[in-house]
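Analysis of the macromolecular model
Each chain, letter by letter, is given below.
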Amino acid sequence: MKYILLFVCCTVATLAQAQRFATRDARIAFLSETPVEDIRAESTEASAIMDLANGQVAFQVPILSFHFPKALMEEHFNENYMESERFPKATFRGTVNGLDAAQSGVQNVTAKGTLEMHGVAVEREVSGTMEQTASGWVLDARFDVPCADHDIDIPKVVTENIAEVIAVTLHAELKAK
Amino acid sequence: MRGLMLGALALLCCAFTHAVYAQDDLMDFFDEGGAPSTVTSAFKAGRIINVQSPETSGKGEMNFIIAHRFGRISDGWYALFGLDNAQMRMGLDYGVTDQLQVGVARSSFGKTLEANVKWRFVEQQKGGGSPVSLTGYSVLMRDGMRFPADGIVRKDVHRISYVHQLVVSRKCSPELSLALVPSLVHRNLVDNAEMANDVGTIGAGFRYKLNNRLSVNGEYHYLLPRPVEDDFVNSLSLGLDIETGGHVFQLHVTNSRGMFERAFLAETTSRWQDGDLYFGFNINRVFQVGDRR
């Protein structure tokens, strides 16, 4: 009897494993929009993982993987604003709410959790969409990050060039792990 | 019954460990397969002060450098501490790739024209890979002064000199970067028969960041022994880098007045101990002229 139960228990564990979806090439882009100039940057090296069993999600992106149209912008981003050597990664970990795993098509969901970047963790609720595909899930989200929330200091001389609130978009295609 | 109890316990244990495991595991995923990353921005500008840093213009970037070395500070009020007369160098550097840069420049010092190429062929990596970056720099200089009317026949090729150097650099911390720079100077023509056409130097430089926009820089070049005694001395420079967005201002005090490699490495004549110092600046202005991708 106990062997059967052990077996069942292990099977459950394995099933839970199969409910994990992940990617290492999620796309995170952001836009700083001011009347003077629009600054865009993109990383295609973000990692994302989701556990359907408990609805947990986690995202991580290396700050150095964001690329800009100008090398100087990239240097300033890493050296002056994000201080990427001290804070090499931005992460989000939280829980997805409002997801019906059985349902097909695009679903509106929210994720509540902790967004950490530039060494400052902020509790956030982010809304986005999820869609089940043949191989996994596609996640899309769009949210704003106020620089001040993460102690990212923008000097007066460049306030005309850099927005106080940065619009971030995320696209992840998670595959069964 | 006993079996059932045991089984239930096993299930509980299993479920519990699994739950714990799941939480840790989610973040563990990020630690797996972490590739080494390139260390960037060891120095702010293409030069530490006079000598090359490992930095090059990014792909498609045109860097305009305007540099001055004023007269002797020890000239005092009469020459406004040297500000009354300046040597100037104007240069353009262009990034062919993020690692390869070509440049031209003109110095008023010796009316010297130069063409140079710089290639960072090994990048410093974090988490494996090379602990240092290696950058090669070669410059061809053409002296533009009129030949003296002393009856000696000189050809145009005699105007040419070369410097080849290797910049071995390491960003030790976000604040501190070090560079070791061995150089070889070759002159097609020297002033007299005893002087060697080739002279070597070993240089060292540093950058220490005081904050995100300000750093202290320094460099020293030791002249390797020459076959005959000459008046040339080692070059020592100390300065500040100030970054203001699109510009990097470098302000410094140095005993070398020439701003191209042959002059400051091999032909420095003023001594710190005599107070023969020059105040100077480099201003670096970056323009993105080409496509980066």
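Here's the deal with the overall build of chain A
Within chain A, the regular secondary structure consists of two helices and eight strands. Going from the N terminus to the C terminus, chain A shows its helices and strands as α-β-β-β-α-β-β-β-β-β.

Some points on the overall build of chain B
Counting its regular elements, chain B contains two helices and 14 strands. Relative to a compact globule of 293 residues, whose C-alpha radius of gyration would be 19 Å, chain B shows 27 Å and is clearly more extended. In terms of its C-alpha atoms, chain B occupies a principal-axis envelope of roughly 115 × 40 × 40 Å. Across the 293 residues in chain B, those meeting the buried criterion constitute 34%. Excluding contacts between residues fewer than 6 apart, the proportion of contacts in chain B whose partners are at least 24 apart in sequence is 58%.

Things to note about the environment of Ala-58 of chain A
Along the chain, Ala-58 of chain A falls in strand β3 (residues 56–62). According to the C-beta neighbour criterion, Ala-58 of chain A is buried, with 23 such atoms within 10 Å. Counting along the chain gives 38 residues from Ala-58 of chain A to Arg-20 of chain A, while the straight-line C-alpha distance between them is 11 Å. Sequence-distant contacts of Ala-58 of chain A, that is, excluding residues within four places in its chain, are made with Ile-49, Thr-91, Phe-92 and Arg-93 of chain A together with Leu-26 and Met-27 of chain B.

Digging into the sheet that holds strand β4 (residues 100–107) of chain B
Residue and element names in this part refer to chain B. Judged by pairing direction, the barrel is antiparallel, and its 12 strands sit side by side in the order β2-β3-β4-β5-β7-β8-β9-β10-β11-β12-β13-β14 before closing back on the first. Strand-to-strand twist in this sheet, taken as the mean axis angle between neighbours without regard to direction, amounts to 20°. Direction of pairing for strand β8 (residues 160–171) relative to strand β9 (residues 176–187): antiparallel, over a ladder of nine bridges. Across the sheet, the residue bridging to Tyr-162 is His-186, located in β9.

Brief notes about the nonpolar core
Grouped together as the largest cluster of nonpolar side chains are 36 residues, with contacts concentrated most on Ala-48, Met-50, Phe-59, Leu-139 and Leu-174 of chain A. Looking at this core, the element that brings in the most residues is strand β2 (residues 38–51) of chain A, giving five residues. If you look at the next biggest cluster of nonpolar residues, it comprises 26 residues, including Ala-42, Phe-43, Leu-223 and Ala-263 of chain B.

Overview of the pairing of strand β11 (residues 214–223) of chain B
Residue and element names in this part refer to chain B. Where burial is concerned, the two faces of β11 differ: the one with Ser-215, Asn-217, Glu-219, His-221 and Leu-223 is buried and the one with Leu-214, Val-216, Gly-218, Tyr-220 and Tyr-222 is not. Pairing geometry for strand β10 (residues 198–211) and β11, over 10 bridges, is antiparallel. From the neighbouring strand, Phe-206 faces β11, where its bridge partner is Gly-218. Where β10 folds back on β11, the antiparallel hairpin that results is connected by two residues.

Let's talk about unusual backbone geometry
Residues and elements named next belong to chain B. At Leu-80, a residue that is not glycine, the phi angle is positive and equals roughly 45°. Assignment of secondary structure puts Leu-80 in the loop between β2 (61–72) and β3 (86–95). Here Leu-80 falls in the partly exposed class, since 13 other C-beta atoms lie within 10 Å of it. Located in the positive-phi region is Lys-111, a residue other than glycine, with phi close to 45°. Structurally, the position occupied by Lys-111 is in the loop between β4 and β5 (112–122).

Focus: the confidence of the model for chain B
On average, residues of chain B score 89 in pLDDT, and 91% of them reach the 70 mark or higher. Across the predicted assembly, pTM comes out at 0.81 and ipTM at 0.75.

A look at the sheet that holds strand β1 (residues 20–33) of chain A
Residue and element names in this part refer to chain A. Ordered by their spatial adjacency, eight strands build a closed barrel running β1-β2-β3-β4-β5-β6-β7-β8, and the pairing between neighbours is antiparallel. With strand direction ignored, the average angle separating the axes of adjacent strands in the sheet is 25°. Relative to strand β8 (residues 165–176), strand β7 (residues 136–146) runs antiparallel, the two sharing 11 bridges. Bridging from a neighbouring strand, Ala-141 pairs with Leu-170 of β8.

Brief notes about the pairing of strand β13 (residues 247–254) of chain B
All names here are of chain B. With burial as the criterion, only one face of β13 is covered, namely that bearing Val-248, Gln-250, His-252 and Thr-254; the residues His-247, Phe-249, Leu-251 and Val-253 on the opposite face remain uncovered. The sheet contact formed by strand β12 (residues 235–243) and β13 spans seven bridges and is antiparallel. By the bridge assignment for β13, Glu-243 is matched with Val-248. Counting the residues between successive antiparallel strands, the hairpin from β12 to β13 contains three residues, one of them, Gly-245, with a positive phi of roughly 105°. Two strands pair when backbone bridges link them, and β13 and strand β14 (residues 278–288) are joined in this way by eight bridges, in the antiparallel orientation. Paired with Leu-251 across the bridge in β14 is Phe-281.

What to know about the environment of Asp-140 of chain A
All names here are of chain A. Turning to its location among the elements, Asp-140 is positioned in strand β7. Since 15 C-beta atoms lie within 10 Å of it, Asp-140 is described here as partly exposed. Put simply, Asp-140 and Glu-173 are 33 residues apart on the chain and 8.9 Å apart in space, counted from C-alpha to C-alpha. Discounting residues that sit within four places of it in the chain, Asp-140 has contacts with Gly-128, Thr-129, Leu-170 and His-171.

Examining helix α2 (residues 71–81) of chain A
Three- or four-residue spacings in an α-helix give side chains the same orientation, since the helix completes a turn every 3.6 residues. Three or more residues of α2 of chain A are buried, namely Ala-71, Met-73, Glu-74, His-76 and Phe-77 of chain A. Lining the buried residues of α2 of chain A we find β2 of chain A together with β2 of chain B. The positive-phi residue at the C-terminal boundary of α2 of chain A is Glu-83 of chain A, with phi of around 50°.

Details of the environment of Thr-244 of chain B
All names here are of chain B. With respect to the helices and strands, the residue Thr-244 is situated in the loop between β12 and β13. Since 11 C-beta atoms lie within 10 Å of it, Thr-244 is described here as exposed. Between the alpha carbons of Thr-244 and Ile-283 there is a distance of 11 Å; along the sequence they are 39 residues apart.

As for the confidence of the model for chain A
Here chain A averages 88 in pLDDT, while 90% of its residues score no lower than 70. Overall, residues 11–17 of chain A carries pLDDT values under 50, and its contacts beyond four positions in sequence, including any with other chains, amount to four contacts.

Cut-offs and rules
- Residues numbered from 1 in each chain as written.
- Chains lettered and ligands numbered in written order.
- Predicted model: local features only at pLDDT ≥ 70, side-chain atom pairs only at ≥ 80, totals over all residues.
- Helix = DSSP H or I, 4+ residues; strand = E, 2+ residues; numbered from the N terminus.
- Rg over C-alpha atoms; globule rule 2.2 N^0.38 Å.
- Buried ≥ 20, exposed ≤ 12 C-beta atoms within 10 Å, placed from the backbone.
- Contact = placed C-beta atoms within 7 Å.
- Pairing = 2+ DSSP bridges.
- Axes fitted to C-alpha atoms, helices over the stretch in contact; angles between N-to-C directions.
- Core = buried A, V, L, I, M, F, W, Y, C linked by C-beta atoms within 7 Å.
- pLDDT = per-residue confidence, 0-100.

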